[in-house]
Amino acid sequence: MKMRSLLSLSIAGLLSAPVYATTVTGKVTDTAGQPVAGAEVKIEGSRRVAYTDENGVYRFDDVKQPHIHLHVYSSNYIHGDNDLGDVSIDQNVDFVLEPSSFENIVVTANALQSSVLESVTPVTVIGAEKLRKIEAPTLGETLKNAPGVHSTYFGPVSSSPVIRGNDGPRVKIVQNGLDVSDVSRVGPDHNVATTLSSATQVEILRGPATLQYGSGAIGGVVNVVDKRIPQYQVEGIEGEAETSYSTVNNGSYTRADVTGGSGNIVWHVDGFYRDTDNADIPGFASIDPDEDEPNGVLESSAMETSNIVAGLSYVADEGYFGFAVEQLDNEYGVPGHSHAHGEEEHEEHDEDHEGEEHGEEGVLLDVDMTRYQAAGEWHSPIRGLTNLKFAAAYTDYQHAEIEDGEPGTVFTNESSDIRLSAYHEEVNGWHGVFGLQFNHSDYNAEGEEAFTPANTTSSYALYVVEQKKVGDVTFELGGRLERTTLDAEASEVDLEVLHEEHDGEEHDDEEHEGEEHEEHAVAFNFPDYDFTSLSLSAGANWEYQEGHSIAVTLSRSERAPSQQELFSAGQHLATQSYEVGLVFDMDEEGHIEENLKGVKEEVSTNLDITFRKFTGSWGYSASFFYNQADDYIFQTSTGLIALSEHEEHGEHEEEELEGELEEHGHDEHGDEEGLPIYYFQQADADIWGFEAETYVDLTDTLRLTVFGDYIRAEIEDDNLPRTPPMRFGSELSYVNAGLSADVGFTWYDDQTEVASFETATDGYTLVNASVQYEFGAQGIDWVVFARGENLTDEEARVHTSFLKDQAPLPGRNFTMGVRALF
């Protein structure tokens, strides 16, 4: 009992040690002398936050720390800063903020949490208000109109962001800075498990972000920020609720987000429910539809999702500690992911199966995820450190592929992610952070589509980021050392290859003349694969003229291969392919050697140059990038066809089936009994391009926005597959009092710069519009909104999608809803 009392007193002493009691107040105005309402004023090194009222006035009472450093944030202004030093009397501190033509939001995904305009690297932050306007059921479709960002689009039910042509294991998806730990990096049919219903902002770091997030961030980072673990005190209850309906899929969506507190205890609860039918589309889903394919609907594109999050925090002036639990249940169809075993193409052989095939087509994915997350922050813990941050997450993820009501392949992933960061006091003008990170993933898949063996991945890392401001130039240096170990269970590769015979060879079966089959099974015991990755970065942001800046970053990043890239060996029916991993030594004829092949780390040297203008009635942000990658890991079609393992047909039926494979086997997409073989390989690559966005305020209420991006990606003497096409878009927006509206279009060029065995994709233009009206009643702010998407009902096929020839974008859609904020 005495020991417990001493421990309690020690903790209380650490989190509450008053030195002074000071009042700090002031007023925040713009350069025209008008008050800035709703600005956030923080006392650095504490959890104290105040917001300016309608007159621009803020106030802090009973400030107990001797050193007071104030920072003012407002998304429409350049941020203000004033370090008062050590004070012992009441202070009156006013701020005058310069208006910004760009939304200037603090980027929490950056190690030093600089704002968008202060960032040395290219970054886009989408705030809560805009998120509510553009939110889609999937993360990729929500973010796809940000400059430099596209979507893997696997139907309206699953998609991930593509950043500068990078996706999968090169783009890290994190929730509040911690890995989401699903299996969306393994296959595009696996939806990202993070949710946007209660997100306060989404941060997109374009280009290498390996310093803080490791190998998986060599192409970029998407950080979804929410309030599941409250970090600041709240008195009373605040929140919002929303309900909406979409016509294109008869979709209903309801969500709620509530935060409350009393004293040092703050709690949070949020949740949502979404239910949709199959999506309407213009025309047929397939480019070459079968006679029985329905017109105007994308089959197997319905979804039903529910999610609930609860969090609790203890918040004091000197820090906070909190904990949250999330439960996600998501059931959705996967277009083009058919596991029917060929009967539909051979109905003449079995009349009893007539009409049965459509019930068997498609697959449902049933996702069950539980996530536990903890976070804490301690200001000025010891002399020399200004801040200490801790974050950890444990995720138990599982999804089953349901075929005819029965579980097929079951994927599981248990993952832990722990991060500890220490921020030090200024030393010779340099301030920064150093930290430790540990990540462990235990992955398993059992069933027909288990194309990778069970495996574990562990990584340990040290990182440091330092920053110094000299005049109008901010310098930033950083480095990360990471050790990654992958351990896979033994597995057998059973590959039967169909390819054309060489001229002059004879075949006993006339029906198979011109073809030969090669079948072999090889067992493999995998050694542990260990990689040590070193990443370095140097950059500078120079405000060479008031409101104008240029940022340059040079980085060298190393990436360890992912488990899918290393160990894949089997049918991946979602992408309608047979995948063969890096470790296997396969020749041009499809023969796999018994000895495993050596694998190298991917090494990327990246140059980024960003120009910004952010004051006045117009502004712009334009980024140019060049990425030279050694031993770039890519997946390419071999031109070979892998026969499936089904043996349900009789002897005569098999002969006829193989005869049809001879005729159709070299289709890019294969069919149920023959899948194209895709092989992971390494070669040097060059990727370059630009993304740009500009605003012009035509009047006080009208703004014109124009954006565009372009990417070229080459690998030796070929193009990288699924490279996004050139894109250009514009939007005209109106804001006046409580009414806002916008109308815009996005034009996609034809993509003809394609890889071997890849087909070109036609371009298209999408037209969207939205309107909303805000009003207050009985202490509640109401928002009534409507938006239209693909208003011209154009058939649009996404080049970055594996299903571009089987699943176009949804047709014309109208969404109507109401939102309440309290």
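Okay, so let's go over this structure.

Each value, and the rule that gives it
- Residues numbered from 1 in each chain as written.
- Predicted model: local features only at pLDDT ≥ 70, side-chain atom pairs only at ≥ 80, totals over all residues.
- Heavy atoms only, no water.
- Core = buried A, V, L, I, M, F, W, Y, C linked by side-chain atoms within 4.5 Å.
- Buried < 20%, exposed > 50% of the residue type's maximum accessible area, 1.4 Å probe, protein only.
- Helix = DSSP H or I, 4+ residues; strand = E, 2+ residues; numbered from the N terminus.
- Pairing = 2+ DSSP bridges.
- 1 Å grid on protein atoms, 1.4 Å probe; cavity = no way out; pocket = protein on both sides within 12 Å on 5 of 7 lines; lining within 4 Å.
- Points joined across faces, edges and corners; volume = space filled by probe spheres on them.
- Nonpolar A, V, L, I, M, F, W, Y, C, P; charged D, E, K, R; others polar.
- Phe/Tyr/Trp six-rings, centres within 6.5 Å; stacked < 30°, edge-to-face > 60°.
- Axes fitted to C-alpha atoms, helices over the stretch in contact; angles between N-to-C directions.
- Contact = heavy atoms within 4.5 Å.
- Lys, Arg positive; Asp, Glu negative; His and termini not counted.
- Salt bridge = Lys/Arg side-chain N within 4 Å of Asp/Glu carboxyl O.
- Polar contact = N/O pair within 3.5 Å; in protein donor to acceptor, adjacent residues only side chain to side chain.

1. Details of the nonpolar core
Here is step 1: Ranked by size, the top nonpolar core spans 31 residues in total, and within it Leu298, Tyr332, Tyr397, Tyr443, Tyr764, Leu766 and Leu809 carry the most contacts.
Here is step 2: Counting residues per element, the ones that place at least two in this core are β22 (319–333), β23 (364–379), β26 (430–446) and β42 (764–777).
Here is step 3: Broken down by element, this core gets its largest block of residues, 3 residues, from β23.

2. Some remarks on the sheet that holds strand β12 (residues 171–175)
Here is step 1: Strand order across the open sheet formed by 5 strands is β9-β14-β15-β12-β13, with mixed pairing between neighbours. Both outer strands of the open sheet, β9 (123–127) and β13 (178–179), are each paired with one neighbouring strand and no more.
Here is step 2: Of the pairings in the sheet, the one linking β12 to β13 comprises 2 bridges and is antiparallel in character. Counted as the bridge partner of Gln175 is Leu178 from β13.

3. A word on empty space enclosed by the protein
Here is step 1: The full count for this structure, using the stated rule, is 14 cavities of 30 Å³ or more.
Here is step 2: Within this model, the largest cavity holds a volume of roughly 740 Å³.
Here is step 3: Lys172, Asp179, Arg185, Asn439 and Thr457 are the residues nearest the centre of the largest cavity, which is lined by 41 residues in total.
Here is step 4: Where the lining of the largest cavity is concerned, the elements lending two or more residues are β12, β13, β25 (406–427), β26, β27 (455–470), β28 (473–488) and α6 (563–567).
Here is step 5: A class-by-class count of the residues in the lining of the largest cavity yields 13 nonpolar, 19 polar and 9 charged.
Here is step 6: Put simply, the second largest cavity is a space of about 550 Å³.

4. What about the packing of aromatic side chains?
Here is step 1: For the coordinates displayed, the defined rule picks out 20 aromatic pairs.
Here is step 2: When the ring of Phe102 is compared with that of Tyr695, the centres are 4.7 Å apart and the planes differ by 90°; the resulting orientation is edge-to-face. Note that Phe102 is positioned in the loop between β8 (95–97) and β9 and Tyr695 in strand β37 (residues 674–697), a separation of 593 residues in sequence. The burial state of Phe102 is the same as that of Tyr695; both residues are buried.
Here is step 3: With centroids separated by 5.7 Å and ring planes inclined at 35°, the aromatic side chains of Trp618 and Tyr620 adopt a geometry described as tilted.

5. Topic: the sheet that holds strand β6 (residues 80–86)
Here is step 1: Across the sheet, 4 strands lie side by side as β3-β2-β5-β6; this open sheet has antiparallel pairing. Lying at the two open borders of the sheet, with one neighbouring strand each, are β3 (49–51) and β6. Neighbour-to-neighbour, the strand axes of the sheet open up by a mean angle of 15°, direction not taken into account.
Here is step 2: Examined bridge by bridge, strand β5 (residues 67–73) and β6 share 6 bridges and lie antiparallel to one another. Residue pairing across strands places Leu70 opposite Asn82, the latter belonging to β6.

6. Regarding unusual backbone geometry
Backbone phi values are negative for most residues with the exception of glycine, while trans is the configuration of most peptide bonds.
Here is step 1: Backbone geometry places Arg164, a non-glycine residue, at a positive phi of 50°.
Here is step 2: Positive phi, normally seen in glycine, also occurs at Glu716, with a value near 50°.
Here is step 3: Tracing the chain through its elements places Glu716 in the loop between β38 (702–715) and β39 (718–719).

7. Looking at the side chain of Arg274
Here is step 1: Residue placement: Arg274 occurs in strand β18 (residues 265–276).
Here is step 2: Residue classification places Arg274 among the buried positions, given a relative accessible area of 8%.
Here is step 3: If we skip the residues at most four places from it in the chain, Arg274 touches Glu135, Ala136, Pro137, Ser252, Tyr253, Met303, Glu304 and Thr305.

8. Concerning the pairing of β18
Here is step 1: The pairing of strand β17 (residues 251–262) with β18 spans 11 bridges and is classified as antiparallel. Directly across from Ser262, in β18, lies its bridge partner Ile265.
Here is step 2: Between β17 and the antiparallel strand that follows it, β18, lie 2 residues; Gly263 among them carries a positive phi value of about 65°.
Here is step 3: As paired strands, β18 and strand β21 (residues 303–316) are joined by 12 bridges and run antiparallel to one another. Its bridge partner being in β21, Tyr273 is matched across the sheet by Ser306.

9. Points about the side chain of Asp718
Here is step 1: Mapped onto the elements of the fold, Asp718 is located in strand β39.
Here is step 2: Despite being buried, Asp718 has no salt bridge partner; Arg712 is the closest side chain of opposite charge, sitting 8.6 Å away.
Here is step 3: Within the structure, Asp718 has its side chain in polar contact with the side chain of Ser756 (distance 2.9 Å).
Here is step 4: Sequence-distant contacts of Asp718, defined by excluding residues within four places in its chain, comprise Val754, Ala755 and Ser756.

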